[in-house]
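# Geometric and topological summary
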Amino acid sequence: MSALIGLFTIVALLAVIMTRRLSPLVALIVIPIAASLLGGHGLETGAFITNGIKNLAPVVAMFVFAILFFGVLTDAGLFDPVIGRMLRAVGARPAWIVPGTALLAALVHLDGSGAVTFLVVIPAMRPLYDALKLDRRLLAAAAAMGAGVMNMVPWGGPTIRAASALDVPVMEIYAPMLPAQAAGLLAMLGLCYYLGRREGRRLGIGDAVEPVSLPAIPDDAAALRRPGRFWINAALTVLVLGSMVSGKVPPAVSFMVGAALALTINYPDLALQRQRVDAHARAALMMASILLAAGVFTGVMQGSGMLTAMAEAAVGYVSPGLAVHIPVALGVISMPLSLLFDPDSFYFGVLPVVSGVSGLLGVPDAAVAQGALLGQMTTGFPVSPLTPATFLLVGLAGVELGDHQKFSIPLLWGLSLVMTAACIVFGIFKV
């Protein structure tokens, strides 16, 4: 019964968000609470919610102060010279800009953190997309593809979970997958090039190479620019992001300190500081609310046992006779499974049982892990409502979650299928 209620909950959530029947904020709160009450958990639901919110509190704090930090630096004009030089280099060529965004996301994601990737890439690239009037869904999709393909790195969360759950050395899982990941990166660049060319034709830009200038800055915005403090702002940005990537300083702390220093350096006047905080408060409050609502959803789904029940029910339909094909089957369906299972439930709940069934027919545990890593919370994580990074991505890019999912899911699934095919071609999977 719990598995059925859990499946209905997730399907209902995706349906109402993607069809815009309810806002993500309302859906993430109302639907899981109703499911928990239907499942007979009663007042326990409050404890589930509290635990879920506690788990997300550091992410919420990081996001609020990240918005303030990047907002203040944007007001001060930090990104103006960067975007100006990029525009002069690529011209009005979306066919270069979109692949460049994906490649930048892939490089930044070498640290394995989706939140860090989106916090670095989206604020840097969004002014360029806005200047050329490019569809912001392209920005979100390109960043998602770059981060998704790279999320199978050995130190990434999915790979570490798979190795831990199956007691297989990390490099035994990852090393054979390098050709498939390379194929995924090449397919990503080709796909982004196609999307960029298509967007260029839509806007009538084509392959123009003439330099493009940023639109004129309104007087009120120009008054906030601090061009003389460019280098100190740049150094502050490197320091904040470097401390976060290093893992030695919690991300929330990095952005709290960074926001305080950015305000003090650029707007020492108290009245101006209040104005800048007020200017960015709406965006921070809206996304913080959605993130806390996501805590309600994940807290209820995990605390009520619905995710565990779904995992156990799903593996019950696996036939031992098909075990030899499980790695390929996982590669095909692993990306959409990110919409149904959070990484812990899948890798620690579903994967060990699937591996046990396939192992009876001689399929190595590493192959099962590789099939899962082709999509489950790798290419799938930037569109999954079960990961806070998805809400961070759409919030920074300024797109609706439903629009992002409808646009990006086919692209990310396509990359997952390309990598699965590469695993077959390179002999990683035996068929």
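Refer to the structure printed above.
Summarised in this report is the structure supplied together with it. (Residues numbered from 1 in each chain as written. Predicted model: local features only at pLDDT ≥ 70, side-chain atom pairs only at ≥ 80, totals over all residues. Heavy atoms only, no water.)

A few words now on the pattern of salt bridges. With the rule as written, the count across this model stands at 5 salt bridges. A salt bridge links Arg-276 to Asp-75, with the nearest nitrogen and oxygen atoms 2.8 Å apart. Separated by 201 residues along the polypeptide, Arg-276 in helix H14 (residues 270-303) and Asp-75 in helix H3 (residues 44-75) bring together distant segments of the chain. For Asp-75, a relative accessible area of 12% corresponds to the buried category. Close ionic contact of Arg-126 with Asp-130 constitutes a salt bridge, the shortest N to O distance being 3.6 Å. In this pair, Arg-126 and Asp-130 are both assigned in helix H6 (residues 114-132), 4 residues apart and thus about one turn of the helix distant. For Asp-130, a relative accessible area of 33% puts it in the partly exposed group. (Salt bridge = Lys/Arg side-chain N within 4 Å of Asp/Glu carboxyl O. Helix = DSSP H or I, 4+ residues; strand = E, 2+ residues; numbered from the N terminus. Buried < 20%, exposed > 50% of the residue type's maximum accessible area, 1.4 Å probe, protein only.)

Here we come to a nonpolar patch on the surface. Nonpolar side chains collect at one region of the surface, where Leu-103, Leu-107, Leu-110, Trp-155 and Ile-160 lie side by side and expose about 480 Å² of accessible area between them. Note that Trp-155 resides in the loop between helix H7 (136-150) and helix H8 (157-166). A residue is classified by how much of its surface remains accessible, and Trp-155, at 47% relative accessible area, is partly exposed. (Patch = residues over 30% accessible without salt bridge, like charges linked within 9 Å, V, L, I, M, F, W, Y side chains within 5 Å. Areas by Shrake-Rupley, 256 points an atom, 1.4 Å probe, with all protein chains shown as cover.)

With 12 residues, helix H16 (residues 326-337) ought to run about 16 Å at 1.5 Å a step, yet its terminal C-alpha atoms sit only 14 Å apart, falling short of that. Among the residues making up H16, those that are buried are Ile-326, Pro-327, Val-328, Leu-330, Gly-331, Ser-334, Met-335 and Leu-337. (Expected span 1.5 Å × (residues − 1).)

Ranked by size, the top nonpolar core spans 139 residues in total, and within it Phe-69, Phe-118, Tyr-129, Ile-173, Phe-255, Phe-346 and Leu-351 carry the most contacts. The leading source of residues in this core is H3, at 14 residues. Those residues in contact with Phe-346, other than ones at most four positions away along the chain, are Leu-330, Leu-337, Phe-341, Leu-351, Pro-352, Ala-372 and Gln-376. (Core = buried A, V, L, I, M, F, W, Y, C linked by side-chain atoms within 4.5 Å. Contact = heavy atoms within 4.5 Å.)

Our next topic: helix H10 (residues 178-203). Owing to its 3.6 residues per turn, the α-helix aligns residues three or four sequence positions apart on the same side. The end-to-end C-alpha distance of H10 is 37 Å, a good match for the 38 Å that 26 residues give at a rise of 1.5 Å each. The set of residues buried in H10 consists of Ala-180, Gln-181, Ala-183, Gly-184, Met-188, Cys-192, Leu-195, Gly-196, Glu-199 and Gly-200. Buried residues along H10 sit against helix H5 (94-108), H7, helix H9 (170-174) and helix H20 (401-425).

Let us now look at the packing of aromatic side chains. This structure, assessed with the given rule, holds 7 aromatic pairs. With a centroid separation of 5.3 Å and 70 degrees between ring planes, the pair formed by Phe-69 and Phe-70 is classed as edge-to-face. What makes Phe-69 buried here is its relative accessible area of 0%. Since its relative accessible area comes to 6%, Phe-70 is described here as buried. With 5.7 Å between their ring centres and 65 degrees between their planes, Phe-69 and Phe-255 make a pair best called edge-to-face. Note that Phe-69 is positioned in helix H3 and Phe-255 in helix H13 (residues 251-266), a separation of 186 residues in sequence. Of the two residues, Phe-69 and Phe-255, neither departs from the other in class, the shared state being buried. The residue whose ring lies beneath Arg-93 is Trp-96, and the NZ or CZ to ring-centre distance is 3.6 Å. (Phe/Tyr/Trp six-rings, centres within 6.5 Å; stacked < 30°, edge-to-face > 60°. Lys NZ or Arg CZ within 6 Å of the ring centre and 35° of its normal.)

We now examine the packing of H5 against H6. Contact pair H5 / H6: the axes reach a minimum separation of 9 Å and the direction vectors enclose 165 degrees. In terms of orientation, H5 lies roughly antiparallel with respect to H6. Here the hand of the crossing between H5 and H6 comes out right-handed. In this structure, H5 uses Ile-97, Val-98, Thr-101, Leu-104, Ala-105 and Val-108 to contact H6, whose residues at the interface are Val-116, Thr-117, Val-120, Val-121, Met-125, Leu-128, Tyr-129 and Leu-132. Along the lines of polarity and charge, the residues of the contact of H5 with H6 split into 12 nonpolar, 2 polar and no charged. (Axes fitted to C-alpha atoms, helices over the stretch in contact; angles between N-to-C directions. Parallel < 35°, antiparallel > 145°, perpendicular 65-115°, else oblique. Left-handed = near helix turned anticlockwise from the far one by under 90°. Nonpolar A, V, L, I, M, F, W, Y, C, P; charged D, E, K, R; others polar.)

Structurally, the position occupied by Thr-390 is in helix H19 (residues 388-397). Judged by its relative accessible area of 0%, Thr-390 is buried. One polar contact links the side chain of Thr-390 to the main-chain carbonyl oxygen of Pro-382, over a distance of 3.4 Å. Engagement of the side chain of Thr-390 in a polar contact is seen with the side chain of Thr-387, the distance being 2.9 Å. Once residues within four sequence positions are removed from consideration, Thr-390 is found in contact with Phe-381, Pro-382, Val-383, Ser-384 and Leu-401. (Polar contact = N/O pair within 3.5 Å; in protein donor to acceptor, adjacent residues only side chain to side chain.)

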